[in-house]
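# Breakdown of the fold
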Amino acid sequence: MMTFPKDRLRKIHGVTESTGPADQAVLARRKYHVAITEWEARWLPWLQATGALVGFVIVLLPAMSKGWRSVIQDISVANWFFEEFSRFGPFALTMLALLLSMTSALYSLHRHFPGDWDVSKEHGFPYAKVMRDRALYPQTLKEEATFWLLALLGIFGFFIWLYIPFGLISFFIRIGEV
């Protein structure tokens, strides 16, 4: 397999460097940007799959099956997750507000994504593997803020699966319960 230097890969993919001057403090934290991107590229698919499994088994399935609900109610942590996310309790609503505010902030900073990533042309924000492969690391403070927001949203993606679709479907199934 042929390997290319990162700057050549950036040119192949049409990624241009930031037009603003690079902040030396941000560049000094590059090792953390690379580390979190590497970690997310490796572990986020597994974290997302775990969130989907937890959402299905602990949030949606007990709402559909009374037998499975009796099993979940015997396990205190699983019962807490089921009650919290199928009824939209305080923790679930706090997580939802946090996710929505982080997403809103990310979209307000979308013009400052590292490597001049164009959200409208690329149809959304990049995954960690794309960020790693294209070396989309921040060089200015605004780019770093956008980078960390996207990294946090990736990590909190576990909870997104508890809402979409499992928590919402479970909520509507349980509306008629007393």
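Data block above holds the structure.
Read on for a plain summary of the structure. (Residues numbered from 1 in each chain as written. Predicted model: local features only at pLDDT ≥ 70, side-chain atom pairs only at ≥ 80, totals over all residues. Heavy atoms only, no water.)

### Focus on helix 5 (residues 76–86)
- Buried within helix 5 we find Ala78, Phe81, Phe82, Glu84, Phe85 and Ser86.
- The first or second residue beyond helix 5 is phenylalanine 88, which carries a positive phi of 50°. (Buried < 20%, exposed > 50% of the residue type's maximum accessible area, 1.4 Å probe, protein only. Helix = DSSP H or I, 4+ residues; strand = E, 2+ residues; numbered from the N terminus.)

### Here we look at the packing of helix 3 (residues 30–64) against helix 5
- In contact at an axis separation of 8 Å, helix 3 and helix 5 are set at 75° when each is read in the N-to-C sense. It follows that helix 3 is roughly perpendicular to helix 5 by the angle criterion. Touching Ile58, Val59, Pro62 and Ala63 of helix 3 are Ala78, Phe81, Phe82, Phe85 and Ser86, all from helix 5.
- Its residues assigned to classes, the contact of helix 3 with helix 5 shows eight nonpolar, one polar and no charged. (Axes fitted to C-alpha atoms, helices over the stretch in contact; angles between N-to-C directions. Parallel < 35°, antiparallel > 145°, perpendicular 65-115°, else oblique. Contact = heavy atoms within 4.5 Å. Nonpolar A, V, L, I, M, F, W, Y, C, P; charged D, E, K, R; others polar.)

### Description of the nonpolar core
- Core analysis: the biggest nonpolar cluster contains 30 residues, and Phe85, Phe113, Phe159 and Tyr163 have the highest contact counts within it.
- Contributions of two or more residues to this core are made by helix 3, helix 5, helix 6 (90–108), helix 9 (141–155) and helix 10 (157–173). (Core = buried A, V, L, I, M, F, W, Y, C linked by side-chain atoms within 4.5 Å.)

### Overview of a nonpolar patch on the surface
- Side chains of Trp39, Trp43, Trp46 and Ile155 sit close together on the surface and give an oily, nonpolar patch of about 440 Å² of accessible area.
- With three residues, helix 3 is the largest single contributor of residues to the nonpolar patch.
- Assignment of secondary structure puts tryptophan 39 in helix 3. (Patch = residues over 30% accessible without salt bridge, like charges linked within 9 Å, V, L, I, M, F, W, Y side chains within 5 Å. Areas by Shrake-Rupley, 256 points an atom, 1.4 Å probe, with all protein chains shown as cover. Salt bridge = Lys/Arg side-chain N within 4 Å of Asp/Glu carboxyl O.)

### Considering the pattern of salt bridges
- All chains considered together, the criterion is met by four salt bridges.
- The salt bridge partner of glutamate 38 is arginine 132, with a shortest N-O separation of 3.9 Å. Taken as a pair, glutamate 38 in helix 3 and arginine 132 in helix 8 (residues 128–134) lie far apart in primary sequence, 94 residues in all.
- Arginine 132 gets classed as partly exposed once you look at its relative accessible area, which sits at 23%.
- Its salt-bridge partner being arginine 132, residue aspartate 133 comes within 3.5 Å of it at the nearest N-O pair.
- Connected via shared salt-bridge partners are Glu38, Arg132 and Asp133.

### A short note on unusual backbone geometry
- Residue phenylalanine 88 is not a glycine yet carries a positive backbone phi of 50°.
- Tracing the backbone shows phenylalanine 88 in the loop between helix 5 and helix 6.
- Taking the relative accessible area as the measure of exposure, phenylalanine 88 reaches 18% and is therefore buried.
- Residue alanine 135 is not a glycine yet carries a positive backbone phi of 55°.
- By secondary structure assignment, the location of alanine 135 is in the loop between helix 8 and helix 9.
- Exposure remark for alanine 135: the relative accessible area of 11% places this residue in the buried category.

### A few points about the packing of aromatic side chains
- Tallying each qualifying case throughout the model produces ten aromatic pairs.
- Judged by centre distance (5.3 Å) and plane angle (50°), the rings of tryptophan 80 and phenylalanine 91 are tilted. On the criterion of sequence distance, the pair formed by tryptophan 80 in helix 5 and phenylalanine 91 in helix 6 is long-range, its members being eleven residues apart.
- Look at phenylalanine 91 and you get partly exposed, because its relative accessible area is 32%.
- With a centroid separation of 5.7 Å and an interplanar angle of 15°, the aromatic rings of phenylalanine 81 and phenylalanine 85 are classed as stacked. Note that phenylalanine 81 and phenylalanine 85 are positioned in helix 5 at a spacing of four residues, about one turn of the helix. In terms of burial, phenylalanine 81 and phenylalanine 85 fall into one category: buried. (Phe/Tyr/Trp six-rings, centres within 6.5 Å; stacked < 30°, edge-to-face > 60°.)

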